[in-house]
Amino acid sequence: MGEIVSSRTKTLADEMGELEGALRDEMQKLFAELQSLETLKQSYGAHFADFTLDAAVARAFLEKAKSYVEAEAVRARRESRRRGGAGPGAGAS
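Read on for an overview of the structure. (Residues numbered from 1 in each chain as written. Predicted model: local features only at pLDDT ≥ 70, side-chain atom pairs only at ≥ 80, totals over all residues. Heavy atoms only, no water.)

A word on the overall build of the protein chain
When you go through the protein chain residue by residue, the secondary structure sums to one helix and zero strands. The buried share of the protein chain, reckoned over its 93 residues, is 2%. Accessible area of the protein chain: about 8,500 Å², with a carbon and sulfur share of 62%. (Helix = DSSP H or I, 4+ residues; strand = E, 2+ residues; numbered from the N terminus. Buried < 20%, exposed > 50% of the residue type's maximum accessible area, 1.4 Å probe, protein only. Areas by Shrake-Rupley, 256 points an atom, 1.4 Å probe, with all protein chains shown as cover.)

Pasting the structure below:
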């Protein structure tokens, strides 16, 4: 009877050891994956910050260009009126 209990105990201990080893391996894989995801998250954060800055610069440039074009259109209309209505924008008031 002692032999049966001993062999079953050893089998249970072996099974527990294998399960613990498998669990440890999976935990290591998950930890490595979490580290990889954290690195990726930081990379996305940096790229988003760069994109935000680039978008702000582009928007400022667009606003400046828009103001310039509007000012040139006003100047062209004034010049056209001063010359008697000939030229670009003549008759469009």
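A closer look at the pattern of salt bridges
Counted by the stated rule, this structure contains five salt bridges. Between glutamate 38 and lysine 41 there is a salt bridge, and its shortest N-O distance comes to 3.6 Å. Taken together, the residues span about one helical turn, with glutamate 38 and lysine 41 both in helix α1 (residues 2-82) at a distance of three residues. Of the charged contacts in the structure, one is a salt bridge between glutamate 72 and arginine 75, with a shortest N-O distance of 3.1 Å. Placement of both glutamate 72 and arginine 75 in helix α1 is noted, with a separation of three residues, approximately one turn of the helix. (Salt bridge = Lys/Arg side-chain N within 4 Å of Asp/Glu carboxyl O.)

Points about a nonpolar patch on the surface
Together, Leu34, Leu37, Leu40 and Tyr44 make up a nonpolar patch on the protein surface, roughly 430 Å² of accessible area in all. On the secondary structure map, tyrosine 44 appears in helix α1. (Patch = residues over 30% accessible without salt bridge, like charges linked within 9 Å, V, L, I, M, F, W, Y side chains within 5 Å.)

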